[in-house]
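# Structure assessment
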Amino acid sequence: SLEMPVAFVEHAWSARFPLTEVQEQDIARVLTAETPLTKVVLTVCLAGLWPLGQELFHRGAIFGRLRMKHDVRSATFAVAAFYALSTVSSPRGLPSALVMGLGLTAARASTKSTIAALAAHMAFMGSGVYRLFRGPADEGLTRQHASIGAAIAAVAILLLVWRFKRDVVTPVEPAGGAD
């Protein structure tokens, strides 16, 4: 799951660069769902349409085009960086967006399908919406959760490096040589 590594990075980064009170109020105002209909619309948009659009664009169109001309590793890191830079409105969210982008793009690269990345993205966003409706009591990140997240992130990064090291394909010269 991407939730623990992303939560760890987000927690560490937000401790260093906390939101201002105005930013917290703006976020709370946007995400307030007072009626059941508002909750349904918010859930469909945040956990359904938002990930669908991002996955079709980043892991579908962009990754597919880059993968045609570049190796898996280059395409994965390029798409993850582009995802991180294009989905955050301030530098504060960049590290967690990069972790998220790497995980989703690695899922896309290893399965050769956008569906796995889409499912992971929807699950990630859905769990966030669920916590949002449960209330602030579930938002706390304990030291144990942070340690587990760091361990999962480290293992995932090692596996990605190993996997991409194995899958790097060198360009093949066309038969017949150059004229």
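As a reminder, the structure under discussion sits directly above these lines.
The following paragraphs examine the structure supplied in this document. Since we're looking at a predicted model, the values are computed, not measured. (Residues numbered from 1 in each chain as written. Predicted model: local features only at pLDDT ≥ 70, side-chain atom pairs only at ≥ 80, totals over all residues. Heavy atoms only, no water.)

## Considerations on the packing of helix α4 (residues 72-87) against helix α5 (residues 94-111)
Between two packed helices, the angle of one axis relative to the other and the distance separating the axes together describe the packing. For the pair α4 and α5, interaxial distance at closest approach is 8 Å and the crossing angle is 140°. The orientation of α4 relative to α5 falls into the category oblique. At the point where α4 passes α5, the crossing takes the right-handed sense. For the pair formed by α4 and α5, the contact residues are V72, T76, F77, V79, A80, A81, Y83, A84, L85 and T87 on the first element and L94, A97, L98, M100, G101, L102, L104, T105, A106 and A109 on the second. Residues belonging to the contact of α4 with α5 are distributed by class as follows: 16 nonpolar, four polar and no charged. (Axes fitted to C-alpha atoms, helices over the stretch in contact; angles between N-to-C directions. Helix = DSSP H or I, 4+ residues; strand = E, 2+ residues; numbered from the N terminus. Parallel < 35°, antiparallel > 145°, perpendicular 65-115°, else oblique. Left-handed = near helix turned anticlockwise from the far one by under 90°. Contact = heavy atoms within 4.5 Å. Nonpolar A, V, L, I, M, F, W, Y, C, P; charged D, E, K, R; others polar.)

## Looking at the nonpolar core
I62, F63, V72, A75, V79 and A109 form the largest nonpolar core, which has six residues in total. When residues of this core are assigned to their parent elements, the largest contribution, three residues, is made by α4. With residues near it in sequence (within four places) discarded, I62 still touches F57, V79 and F82. (Core = buried A, V, L, I, M, F, W, Y, C linked by side-chain atoms within 4.5 Å. Buried < 20%, exposed > 50% of the residue type's maximum accessible area, 1.4 Å probe, protein only.)

## Some remarks on α5
Its 18 residues place the ends of α5 26 Å apart at the C-alpha level, agreeing with the 26 Å of an ideal helix rising 1.5 Å per residue. Buried within α5 are the following residues: S96, A97, M100, G101, L102, L104, T105, A106, R108 and A109. K112 sits one or two positions beyond α5 and adopts a positive phi of about 60°. (Expected span 1.5 Å × (residues − 1).)

## Digging into helix α3 (residues 36-69)
With 34 residues, α3 extends 47 Å between its outermost C-alpha atoms, agreeing within 8% with the 50 Å of an ideal straight helix rising 1.5 Å per residue. Along its length, α3 reaches its greatest deviation from straightness, about 40°, at F63. Among the residues of α3, L42, A47, G48, P51, Q54, E55, H58, R59, I62, F63 and G64 are the ones counted as buried. (Bend = angle between axes of the 7 residues up to and from the residue.)

## Let's talk about the pattern of salt bridges
A side chain with one charge may pair with a side chain of the opposite charge, provided their charged atoms come close. Considering all chains together, one arrives at one salt bridge under this definition. The residue R59 makes a salt bridge to E55 at a minimum N-O spacing of 2.8 Å. Residue R59 and its partner E55 are located together in helix α3, separated by four residues, close to a single helical turn. When its relative accessible area of 0% is taken as the criterion, R59 is described as buried. Since its relative accessible area comes to 1%, E55 is described here as buried. (Salt bridge = Lys/Arg side-chain N within 4 Å of Asp/Glu carboxyl O.)

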